Amino acid sequence: MTIYRSPSIAAPGAGWLFYTFCFLAILTVLPPYIAQEWRAWVMGAMPLTSIAVSLTLGVFAMRFMSAIMLVQIGFVLCILSLLWLWAAPGLPAACLALAGALGLVQGASFAAVPQLNRTAAHQSQAYGGLAQTGNLGNTLGTPVLLAVLGIAGFPGLVWTCVAVFGCGIAVHAWMATRRRTDTIRQ
């Protein structure tokens, strides 16, 4: 309960839940929508693009903004990339744009732990929260998105992921407000 009551300790994991809910699930359900001649290349390039963007653009961007702000920007870019995929299902460039946006969320989520938590004990708890919410997101994401695909098709998949990423933005905004309120009370 200590982890999830604290807006500083819980924030990285709270956003991570929404990231993990979609990342693996998207990689699992997206291939049939990509043209056969591009499918293997795009699916191999998506995780590598995510890592590359995290280690380059993500690191550079964090010189100018907080990790939480970068996570939120990453979620916005995920939404824009999904809308591009909605307009052009399976377009390789849109898939890679989504992977790059997810890379911003990925790296900044880990960087948020020491930015928000000064002590080793709080950092350890925050990493524990990341592990727990990551397991929950990975466990639920694929079955839920497969069910959505079965009911609402590709548009349903896109709009569900848009809603999930929107929730990630909202949760980070709510926790930032809680952190400011807690600071004022102290």
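These lines cover the structure that appears in this document, whether it is placed above or below. A quick note: this is a predicted structure, and the numbers were derived from the prediction, not measured. (Residues numbered from 1 in each chain as written. Predicted model: local features only at pLDDT ≥ 70, side-chain atom pairs only at ≥ 80, totals over all residues. Heavy atoms only, no water.)

Turning our eyes to something else, we now look at the packing of helix α3 (residues 36-61) against helix α5 (residues 92-116). For the pair α3 and α5, the least separation of the axes is 7 Å and the interaxial angle reads 35°. Crossing handedness for the pair α3 and α5: right-handed. Counting all contacts with α3, which are made through Trp38, Trp41, Val42, Ala45, Met46, Thr49, Ser50, Ile51, Val53, Ser54, Leu57 and Gly58, the residues of α5 involved are Pro92, Cys95, Leu96, Ala99, Gly100, Leu102, Gly103, Leu104, Gln106 and Gly107. Within the contact of α3 with α5, the residues separate by chemical class into 14 nonpolar, eight polar and no charged. (Axes fitted to C-alpha atoms, helices over the stretch in contact; angles between N-to-C directions. Helix = DSSP H or I, 4+ residues; strand = E, 2+ residues; numbered from the N terminus. Left-handed = near helix turned anticlockwise from the far one by under 90°. Contact = heavy atoms within 4.5 Å. Nonpolar A, V, L, I, M, F, W, Y, C, P; charged D, E, K, R; others polar.)

The end-to-end C-alpha distance of α5, which contains 25 residues, comes to 36 Å, matching closely the 36 Å that a straight helix rising 1.5 Å per residue would cover. In the structure, α5 departs most strongly from a straight axis at Phe110, where the bend amounts to approximately 25° and where the proline Pro114 lies between one and four residues downstream. Across the 25 residues that make up α5, a large majority, 18, are buried. (Expected span 1.5 Å × (residues − 1). Bend = angle between axes of the 7 residues up to and from the residue. Buried < 20%, exposed > 50% of the residue type's maximum accessible area, 1.4 Å probe, protein only.)

The next subject is the side chain of Arg179. By the secondary structure assignment, Arg179 is in helix α6 (residues 120-185). Polar side-chain contacts of Arg179 include one of 3.0 Å to the backbone oxygen of Pro7. Excluding its chain neighbours within four sequence positions, the residues that come into contact with Arg179 are Pro7, Ser8, Ala11, Ile68 and Leu116. (Polar contact = N/O pair within 3.5 Å; in protein donor to acceptor, adjacent residues only side chain to side chain.)

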